[in-house]
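# A structural walkthrough
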Amino acid sequence: MDIRGFLFLRRESDKAMANTILVGAQWGDEGKGKIIDVLTETSDIVVRSQGGANAGHTVIVGDEKFVLHLIPSGILRPEKTCVIGNGVVIDPVSLVGEIEGLKQRKIKVGRNLLISETAHVVFPYHRELDGLRDQRKGRNKIGTTKRGIGPTYGDKAARVGLRIIDLMDPDRFAKKLKARIRDNNAVIKAWGGKPLSYQKVLADYLEAARKLKPYVTNTVVYLHESIQAGKSMLFEGAQGTFLDIDHGTYPFVTSSNTVAGGASTGSGVPPHRMDHVLGVMKAYTTRVGEGPMPTQNDEISDLLHGMGREYGATTGRARRCGWFDSVLTRHAAMVNGFDELAVTNLDGLDTCETIRVCTGYKVGRKTYEHLPNDGDALAECRPIYRDFPGWCSSTEDVKEWKKLPVKARNYLKAITELTGGRLKIVSVGPKREQTFML
Ligand code: IMP
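Just so you know, these numbers come straight off a predicted model, no measurement behind them.

## With respect to the packing of aromatic side chains
Per the stated rule, a full pass over the model turns up six aromatic pairs. Taken together, the ring pairs connect Phe123, Tyr125, Phe173 and Tyr205 into an aromatic cluster. Note that arginine 105 overlies the ring of phenylalanine 66, its terminal NZ or CZ placed 4.1 Å from the centroid. The lysine or arginine in question, lysine 366, covers the ring of tyrosine 368, its NZ or CZ lying 5.0 Å from the ring centre.

And the structure:
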C-alpha cells in the first residue's frame, strides 16, 4: 500500500492510536526527520519534548532540503501546530535565526508555533563551558555538539537555570542574568576561557525575547485543551535511545531523556494519553562523537562516506558507521516499548555483497545477549555476527514491499524480528516519496 492510502486509513480508523511517540532506536541520526514529516500528515500537532539545537532533522520536500534544529519538522506543513515543550532547552538567538531562515524560504511561522514558558534557556556561557569542559577531559572527551546542552540541563537540575518565562520579563531577566554571568565568568576564567560581556548578552537576549514573545505560551494547558478537543499529536524524539541520560551509554550521552518516557515529562501530557510508540532505526548503525560502538567497521564506513552519506546535519562531522546491532535495538525496544518499527536508509546497503548483523557480544569466553551497563565492558565487547546475502541492486525507486528484492525483504524481516517489533515503514532514500508502509 502506498503511503497516502495508509495515511487515509489511519486517519479514518486510528483515533484510538491518536498520540504517537517517535523515538530513535540507536545513537540518533536514524532519519527521524523524514519519518516525522511523513507521519505529520495524519497528526494535528507536532511536539518536541527534549534536547535542543544539538539535533538536526533533515527533511527534503520536492527539490528543497530543510535542516531543522529546534523547530518541529511539522512546520513544513502550514496547517499543523508545532509545540516546543517544557523539556526542550532553547537558545533564543539561534531559534530566532531558525524562524527567520524559514520565513525567508516562504515557510509560514506564526500562530502555528508555540514555545513553552517553562523551557530552559541556553546562554553563551553554557556553550563556552560545554567546549571547555570537553576539552579538559582530554582523551575521555564526549565529543559534544558544543551547543551548551549539558551545562544548560546541569543548571536546570541545580535549580539555577533561567526559563523562557524569565526572558519575557526584562527587569527580572536582567537581574537574574547578571548573577549568572558573574558566577559563570568566574568558572570560565579559571578554566582559561574568555569571560562574557553582561551588556552584550543582555542586549542580544532581550532582542531575541521581543521577537519570540508572540509564540510563548503555557503549552501544557494548550496540549490538554487539544486532547479534550480530540486532536492527535506526534511527539518527535530528538537524538536516540543510547544517547539517553539514564538508558544510554553513559557518560557518552546527551543530557536529556531521549526515550519514550521523556515525551511525557517534556510536554506535560500524561503517560496514559500516549497511544503508540514508533521506533526508528537505520538498516545499519551510526554514531557521532565518542563512546563505545561494538559494530563499528571500516568497510561499511568507507562505503557510506564514499557515497557522500553519513555526515552530521548539525556539525558536519563524519559519522562512525557499523553493521546493524540487534543487541542495541532489542534493548531499545525494551525501554521504549516499541509497537512498530520504521527502518530507514535501506538503500545504503544496496551494493553490499554480504551484510552482517550483530546478534550478541563476546568478551573473551563471556557472551552477552543484553547490553552490559558497564561502559568499560561494552568498550571491550566484540560482536557475534550472522551474515546475510546482499541484494546487490538499487532499492531507491521501490514503492511497495512486494517490489523489494527477496533478499532485502529477508534482511528487513530478520532485523525487525531480532529487535522485537512489527515492521511498519521502510525508507529507501531522503525524499518524502521514497517511503512506503506495510
Ligand atoms: P550534546 O548533546 O551536544 O551534549 O552531545 C553529547 C553526545 O550526543 C555527543 O556524542 C553528540 O555527538 C551526541 N549527539 C547530540 N545530539 C545528537 C543528534 O542529534 N544526533 C546524533 N548525535 C547527537
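## Some points on the site of the ligand
Taken together, 15 residues surround the ligand, and among them Asp29, Asn54, Thr145, Thr254 and Arg317 come closest. Taking aspartate 29, its side chain carries an N or O atom lying 3.1 Å from a nitrogen atom of the ligand. Arginine 317 places a side-chain nitrogen or oxygen 2.9 Å from an oxygen atom of the ligand. Its residues assigned to classes, the shell around the ligand shows six nonpolar, seven polar and two charged.

## So, the side chain of serine 427
Inspection of the secondary structure assignment puts serine 427 in strand 19 (residues 422-427). Only 3.0 Å separates the side chain of serine 427 from the side chain of lysine 34, close enough to count as a polar contact. Among all residues touching serine 427, those that are not within four sequence positions of it are Lys34, Ile35, Val343, Thr344, Asn345, Leu346, Asp347, Gln434 and Thr435.

## Some remarks on the nonpolar core
Core analysis: the largest hydrophobic core is formed by 62 residues, its most contacted members being Leu346, Leu349, Tyr361, Tyr411 and Leu412. The greatest single-element share of this core, amounting to six residues, is contributed by helix 14 (residues 406-419). Excluding residues within four positions of it along the chain, leucine 412 makes contact with Val343, Leu346, Trp401, Leu404, Leu423 and Val426. Of all hydrophobic cores here, the second largest spans 44 residues; its members include Ile99, Leu113, Tyr125 and Ile181.

## Some thoughts on the sheet that holds strand 5 (residues 81-84)
Read from one edge of the open sheet, ten strands run 9-7-5-2-10-1-11-15-19-20, paired in mixed fashion. Two strands in the sheet have a free side with no partner beyond their single neighbour: strand 9 (216-217) and strand 20 (435-437). With four bridges joining them, strand 2 (residues 45-48) and strand 10 (residues 233-236) adopt parallel strand pairing. Across the sheet, isoleucine 45 pairs through a bridge with methionine 233, a residue of strand 10. Along the sheet, helix 9 (residues 219-228) makes contact with strand 2, strand 5, strand 7 (113-116), strand 9 and strand 10, crossing strand 5 at roughly 140°.

## What to know about helix 3 (residues 92-104)
Think of an α-helix as turning once every 3.6 residues; residues three or four places apart then point the same way. A rise of 1.5 Å per residue sets the reference length of helix 3, with its 13 residues, at 18 Å; its end C-alpha atoms lie 18 Å apart and thus fit the reference within 8%. Every buried residue of helix 3 is listed here: Pro92, Leu95, Val96, Glu98, Ile99 and Leu102. The arc that holds the buried residues of helix 3, viewed along the axis, is 160°, so those residues lie on one side. Capping of helix 3 at its N-terminal end is provided by aspartate 91; its side-chain oxygen lies 3.1 Å from the backbone amide nitrogen of valine 93.

## Points about the confidence of the model for the protein chain
Taken as a whole, the protein chain shows an average pLDDT of 94; of its residues, 96% reach a score of 70 or greater. Here residues 4-17 scores under 50 on pLDDT; set against residues more than four positions off or in separate chains, the count is 21 contacts.

## Structural notes on the pattern of salt bridges
Going through the model one piece at a time under the given rule, you end up with 22 salt bridges. With a shortest N-O distance of 3.6 Å, aspartate 183 and arginine 182 are connected by a salt bridge. When its relative accessible area of 58% is taken as the criterion, arginine 182 is described as exposed. For the salt bridge of lysine 403 with glutamate 400, the shortest nitrogen-to-oxygen distance reads 3.4 Å. Classification of glutamate 400 by relative accessible area gives partly exposed; the value is 30%. Linked through salt bridges whose partners overlap, the residues forming this network are Asp29, Lys282, Glu310 and Arg319.

## A short note on the side chain of serine 326
Considering the arrangement of structural elements, one finds serine 326 in helix 12 (residues 326-336). Within polar-contact distance, the side chain of serine 326 engages the backbone oxygen of cysteine 358 at 2.7 Å. Residues within four places of serine 326 in sequence aside, it is in contact with Cys358, Thr359 and Leu418.

## Re helix 4 (residues 124-136)
Taking 1.5 Å as the rise per residue, helix 4 with 13 residues should run 18 Å; its terminal C-alpha atoms sit 18 Å apart, in good agreement. Each element contacted by the buried residues of helix 4 is listed here: strand 8 (120-121), helix 5 (149-157), helix 7 (170-190) and helix 8 (198-212).

## Focus on the packing of helix 3 against helix 8
Interaxial distance between helix 3 and helix 8 falls to 9 Å at its minimum, and their mutual angle equals 45°. It follows from the interaxial angle that helix 3 and helix 8 lie oblique. Relative to helix 8, the crossing made by helix 3 is left-handed. Mapping the contact onto sequence places Pro92, Val93, Leu95, Val96, Ile99 and Glu100 in helix 3 and Asp204, Tyr205, Ala208, Lys211 and Leu212 in helix 8. For the contact of helix 3 with helix 8, a count of residues per class yields eight nonpolar, no polar and three charged.

Calculation rules
- Residues numbered from 1 in each chain as written.
- Predicted model: local features only at pLDDT ≥ 70, side-chain atom pairs only at ≥ 80, totals over all residues.
- Heavy atoms only, no water.
- Phe/Tyr/Trp six-rings, centres within 6.5 Å; stacked < 30°, edge-to-face > 60°.
- Lys NZ or Arg CZ within 6 Å of the ring centre and 35° of its normal.
- Near = heavy atom within 4 Å.
- Polar contact = N/O pair within 3.5 Å; in protein donor to acceptor, adjacent residues only side chain to side chain.
- Nonpolar A, V, L, I, M, F, W, Y, C, P; charged D, E, K, R; others polar.
- Helix = DSSP H or I, 4+ residues; strand = E, 2+ residues; numbered from the N terminus.
- Contact = heavy atoms within 4.5 Å.
- Core = buried A, V, L, I, M, F, W, Y, C linked by side-chain atoms within 4.5 Å.
- Buried < 20%, exposed > 50% of the residue type's maximum accessible area, 1.4 Å probe, protein only.
- Pairing = 2+ DSSP bridges.
- Axes fitted to C-alpha atoms, helices over the stretch in contact; angles between N-to-C directions.
- Expected span 1.5 Å × (residues − 1).
- Arc of directions from axis to C-beta.
- pLDDT = per-residue confidence, 0-100.
- Salt bridge = Lys/Arg side-chain N within 4 Å of Asp/Glu carboxyl O.
- Parallel < 35°, antiparallel > 145°, perpendicular 65-115°, else oblique.
- Left-handed = near helix turned anticlockwise from the far one by under 90°.

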